[in-house]
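What the coordinates show
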Amino acid sequence: MIRLPPLPALVAFEAAARSGSFLAAAEALHLTPSAISHRIRALEDWLGLPLFERHNRLVTLTAAGQDYLVEVRAALRRLETASTRLRRLEARPLRLSVAPAIGAKWLVGQLADYPQEDPRIDFVLSTSTSLAPLTAGEADVGLRYGDPPWPGLEAYELRRETVFPVCSPALADRLARPADLDGQRLLRHPLLAWSPWFAAAGLARGEPAEGPLFEDSMMMLEAAAAGAGIALTVGLLAKPYLAAGTLVRPFDIEVADKGFYAVVSPAAQTLPWVRHFVRWLQARARSSPA
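1. Quick notes on the overall build of the protein
The number of helices and strands found in the protein is 12 helices and 9 strands. Taken over C-alpha atoms, the radius of gyration comes to 26 Å for the protein, far larger than the 19 Å a tight globule of 290 residues would show. The C-alpha extent of the protein, read off along each of the three principal axes, is 80 × 50 × 25 Å. The burial tally for the protein puts 42% of its 290 residues in the buried class.

Printed below as a string of structure tokens:
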């Protein structure tokens, strides 16, 4: 019979050896420092000799620990390679239908991390602002902004949003108070109404009947960054523009609005890997800064 130490103890040992710290190993493995210390102590007891020399918050490998690390690291890499190869044998396509703005400004950056979560998934991405690809069975999961229910489809909330105006820095210099919006070109989007924001700002104005109308939020934000007018937007889409300084918020006023949802087609609702992806997407969206 093969006698081996527990795999979690070996993983903790490799992480602590790599970082030189039980605290850093705990953060990397999403454990507590005491859990790392306990696992390594159990491994040392199993082996019958110390692997680390403890120095306050730092640790260094003993001579035996250095020799052992070479073998443990090689064995873990072989296990990882073999496991990944087997999991890839069951590659599964997951068809995503995404509104262009959230796809370009948020989703693609998130998907880069998903192979670590499930390497079997092969994403097939397409863009659409309608629900037709989902109702027709051409997509498994869609990302949409709005208010469910959507008949025949399951909708899972990713995050609620607030809306606020943004514009170029040069245009913002001319806007000292909300009343200064009079005479300015307001950019419009069918899912983002100006009138609730006007009310919150104390302006007795209805929905603007003029001004460029955009179906694509990203195109609208690009136009605003170019100085074409003032756009109403949501935090998840505006974040990269605000961080780059190409758009600014001329006022601090914002109002609660709709939300982003993962919308699942009827055929995909029972697939475990689809449900797992949606739960992962919810966690990522809720942890994203506004």
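So much for the structure itself; the text now carries on.
2. Notes on the sheet that holds strand 6 (residues 154–166)
Taken in spatial order, the 7 strands line up as 4-3-5-9-6-8-7 in an open sheet, and their pairing is mixed. The two strands at the open ends of the sheet, each matched to only one other strand, are strand 4 (121–127) and strand 7 (186–187). Pairing of strand 7 with strand 8 (residues 230–234), which is carried by 2 bridges, proceeds in the parallel orientation. If you follow Leu186 over to strand 8, its bridge partner there is Ile230. Running at roughly 135° to strand 8, helix 10 (residues 217–225) makes contact with strand 6, strand 7 and strand 8 of the sheet. Packing against the sheet, helix 12 (residues 272–287) makes contact with strand 3 (92–98), strand 4, strand 5 (141–146), strand 6 and strand 9 (255–264), and its axis sits at approximately 25° to strand 6.

3. Comments concerning the layout of surface pockets
Estimated volume of the largest pocket: approximately 420 Å³. Val11, Glu14, Leu76, Arg77 and Glu80 are the residues nearest the centre of the largest pocket, which is lined by 13 residues in total. Of all the secondary-structure elements, those providing two or more residues to the lining of the largest pocket are helix 1 (7–19) and helix 4 (63–88). Per-element tally for the lining of the largest pocket: the top contributor is helix 4, with 7 residues. Partitioned by chemical class, the residues of the lining of the largest pocket number 4 nonpolar, 3 polar and 6 charged. Here the second largest pocket is characterised by a volume of approximately 320 Å³. Taken together, 20 residues line the second largest pocket, and the ones lying closest to its centre are Ala99, Tyr145, His189, Leu191 and Ser217. Looking at the lining of the second largest pocket, the elements that each hand over two or more residues are helix 5 (100–111) and strand 5.

4. Considerations on the environment of Arg286
By the element assignment, Arg286 lies in helix 12. Residue classification places Arg286 among the exposed residues on the basis of a relative accessible area of 53%. C-alpha separation for the pair Arg286 and Lys258, spaced 28 residues apart in sequence, amounts to 15 Å. For Arg286, the residues in contact, after removing those within four places along its chain, are Glu157 and Leu158. Here Glu157 takes part through its backbone oxygen, which lies 3.0 Å from a polar atom of the side chain of Arg286.

5. Things to note about the nonpolar core
Ile102, Val141, Leu143, Leu181, Trp197, Phe277 and Leu281 are the most contacted members of the largest nonpolar core, which has 57 residues in total. Counting residues per element, this core draws most heavily on helix 12, which supplies 6 residues. Apart from the residues lying within four places of it in its own chain, the contact partners of Leu281 are Trp106, Leu107, Leu143, Leu158 and Ala262. Within the second largest apolar cluster, 20 residues are counted, among which are Ala9, Ala26, Phe52 and Leu69.

6. Overview of the packing of aromatic side chains
The geometry of an aromatic ring pair comes down to the distance between the two centres and the angle between the two planes. This structure, assessed with the given rule, holds 14 aromatic pairs. For the pair Trp194 and Phe198, a centre-to-centre distance of 5.4 Å together with 25° between the ring planes defines the contact as stacked. Assigned by exposure class, Trp194 and Phe198 land together as buried. Ring geometry for Trp197 against Phe198: centres 6.3 Å apart, planes inclined by 70°, an arrangement best described as edge-to-face. For the pair shown, Trp197 and Phe198 are each scored as buried. One aromatic cluster is present, formed by Phe13, Phe22, Phe52 and Tyr68 through successive ring pairs. One residue, Arg205, lies across the ring of Phe198, its end atom 4.8 Å from the ring centre. The ring of Phe164 carries the charged tip of Arg249 above its face, separated from the ring centre by 3.7 Å.

7. Side note on the side chain of Arg144
Within the fold, Arg144 resides in strand 5. Buried and unpaired, Arg144 has Glu138 as its nearest opposite-charge partner, separated by 9.1 Å. In this structure the side chain of Arg144 is engaged in a polar contact, spanning 2.6 Å, whose partner is the backbone oxygen of Ser130. Apart from residues no more than four positions distant in its own chain, Arg144 is found in contact with Ser97, Val98, Ala99, Ser128, Thr129, Ser130, Leu131, Pro133, Gly259, Phe260, Tyr261 and Val263.

8. Observations concerning helix 2 (residues 22–29)
Listing the buried residues of helix 2 in full gives Phe22, Ala25 and Ala26. All buried residues of helix 2 lie within an arc of 100° about the axis, which places them on one face of the element. For helix 2, the elements touching its buried residues are helix 1, helix 3 (33–47), strand 1 (52–55) and strand 2 (58–61). Between a side-chain oxygen at the N-terminus of helix 2 and the backbone nitrogen of Leu23 the separation is 3.2 Å; the capping residue is Ser21. Phi for His30, located one or two positions after helix 2, is positive at around 60°.

Quick notes on the rules
Residues numbered from 1 in each chain as written. Predicted model: local features only at pLDDT ≥ 70, side-chain atom pairs only at ≥ 80, totals over all residues. Heavy atoms only, no water. Helix = DSSP H or I, 4+ residues; strand = E, 2+ residues; numbered from the N terminus. Rg over C-alpha atoms; globule rule 2.2 N^0.38 Å. Buried < 20%, exposed > 50% of the residue type's maximum accessible area, 1.4 Å probe, protein only. Pairing = 2+ DSSP bridges. Contact = heavy atoms within 4.5 Å. Axes fitted to C-alpha atoms, helices over the stretch in contact; angles between N-to-C directions. 1 Å grid on protein atoms, 1.4 Å probe; cavity = no way out; pocket = protein on both sides within 12 Å on 5 of 7 lines; lining within 4 Å. Points joined across faces, edges and corners; volume = space filled by probe spheres on them. Nonpolar A, V, L, I, M, F, W, Y, C, P; charged D, E, K, R; others polar. Polar contact = N/O pair within 3.5 Å; in protein donor to acceptor, adjacent residues only side chain to side chain. Core = buried A, V, L, I, M, F, W, Y, C linked by side-chain atoms within 4.5 Å. Phe/Tyr/Trp six-rings, centres within 6.5 Å; stacked < 30°, edge-to-face > 60°. Lys NZ or Arg CZ within 6 Å of the ring centre and 35° of its normal. Lys, Arg positive; Asp, Glu negative; His and termini not counted. Salt bridge = Lys/Arg side-chain N within 4 Å of Asp/Glu carboxyl O. Arc of directions from axis to C-beta.

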